[in-house]
Amino acid sequence: MQPAKEPPRPAMIPIRGVPMIKHFAENWGEVERFQAQPDDLLISTYPKSGTTWISEIIDMIYNDGDIEKCKQDPIYMRVPFLEFAVPDIPTGVELLQKRSSQRLVKTHLPVQLLPPSFWEKDCKMIYMARNPKDVAVSYYYFYQMAKVHPDPGPWDKFLDDFMAGEVTFGSWYQHVRGWWDKRKEQRMLYLFYEDMKEDPRREIRKVLEFLGRPLSEELVEAIARHTTFAEMQQNFMANYRTIPTNVMDHSISPFMRKGVTGDWKTQFTVAQNERFDANYERQMEGTDLCFRLEI
Ligand code: A3P
């Protein structure tokens, strides 16, 4: 008998109750044992919150604004994705282990799943959050084009799954709250996508300061120009178009989709919006963390 073929869209597997992409879950032991180094910089986000954007900004900082250096490799090589694992491709941990120092590490893990060595080594961390309505919409289209995810089904059902935390990497609400609470005891800069959209130069200066780099206006300007949505959409080293189409199919929805704040208004019905708002109140009760739904 022929072995059963891997389904093209594998079901999620929970890791300590958090739904995870199947291949990632199967490689979990390697992630948990990962040894961070004191000069690692962790870039943490819930999916679709501007991870690629902040990663490109930080890589530009690490390369002193040298665009040619940043264009030598795709973003997923320059900033390896810690928990990434897909058969026949080097895992995130393998990529990271090839670097000796000054590593940039991307993760989508909720705070409770981060490998302990990041805390033990007191690594610096940059967290970027985005309002949940735009995240849900962006995630819905990403689920469709990135085939490591289960089929998202219709939008209305996906939105319910999102509110229930039954999507890969689990609950957005717990993710943003968990990292927000942790920032008090950690060397962490907590950023917002909407602030970056509103005034990228101001936010880039914050990152430079946090990293202890000189505040060169020339560098800020070079980074701001290189990391606009229009630039990154065209940049093959940032737009994920180097990924094979059986993994990411940009003809279904491009990775660099719209890059705006407030796109949720074109997707949510009035009823969905009311349901979402009521649920948001419950899930975000007691936190001083606030999001802007438009700018
Ligand atoms: P949309 O789907 O709303 O367009 P991540 O990198 O975390 O997966 O996030 C992807 C989202 O960030 C996508 O949102 C993408 O278009 C947006 N994005 C990527 N680069 C951006 C940039 N330079 N400026 C604004 N948004 C950007």
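This structure is a prediction, so every number in the text was calculated from the model and none was measured.

Attention now moves to the pairing of strand β4 (residues 104-107). Residues Leu 104 and Lys 106 line one face of β4 and the alternating positions Val 105 and Thr 107 line the opposite face, and both faces are buried. Inspection of the sheet shows strand β3 (residues 41-45) paired to β4 by 4 bridges, in the parallel sense. Counterpart to Ser 44 in the pairing with β4 is Thr 107.

This next bit is on the UniProt feature "domain: Sulfotransferase" (unreviewed entry) in the protein. With numbering aligned to this structure, UniProt lists the feature "domain: Sulfotransferase" (unreviewed entry) at residues 38-287. Helix makes up 45% of residues 38-287 and strand 8%. Its end C-alpha atoms lie 30 Å apart.

This part covers the environment of Phe 210. Positionally, Phe 210 belongs in helix α12 (residues 200-210). For Phe 210, a relative accessible area of 18% translates into the label buried. Sequence separation between Phe 210 and Asp 39 is 171 residues, and the spatial gap between their C-alpha atoms is 14 Å.

Turning next to the nonpolar core. Core analysis: the largest hydrophobic core is formed by 95 residues, its most contacted members being Phe 118, Ile 126, Phe 162, Trp 172 and Tyr 190. Counting residues per element, this core draws most heavily on helix α8 (residues 132-145), at 8 residues. Contact partners of Trp 172, with chain neighbours within four places excluded, come to Tyr 46, Arg 130, Asn 131, Pro 132, Val 135, Phe 162, Tyr 280, Met 284 and Phe 291.

Parameters and conventions
One numbering rule holds for all chains: residues counted from 1, following each sequence as written. This being a predicted model, a pLDDT of at least 70 is required before a residue's local features are given, and a value of 80 or more before pairs of side-chain atoms are given or counted; all residues contribute to the totals for chains, interfaces and linings. As a rule here, side-chain values come from all non-hydrogen atoms in the structure, and water together with hydrogens is ignored. Burial classes: relative accessible area under 20% of the type maximum marks a residue as buried, over 50% as exposed, and values in between as partly exposed (1.4 Å probe, protein chains only). Elements are defined by DSSP. Helices are runs of H or I of four residues or more, strands are runs of E of two residues or more, and each kind is numbered from the N terminus. Criterion used throughout: strands pair if DSSP finds at least two bridges between them. UniProt positions are given in the numbering used here, feature names are shortened, and annotations may be inferred rather than shown by experiment. Residues belong to a common nonpolar core when they are buried Ala, Val, Leu, Ile, Met, Phe, Trp, Tyr or Cys residues joined through side-chain atoms within 4.5 Å. We call two residues in contact when some of their heavy atoms are within 4.5 Å.

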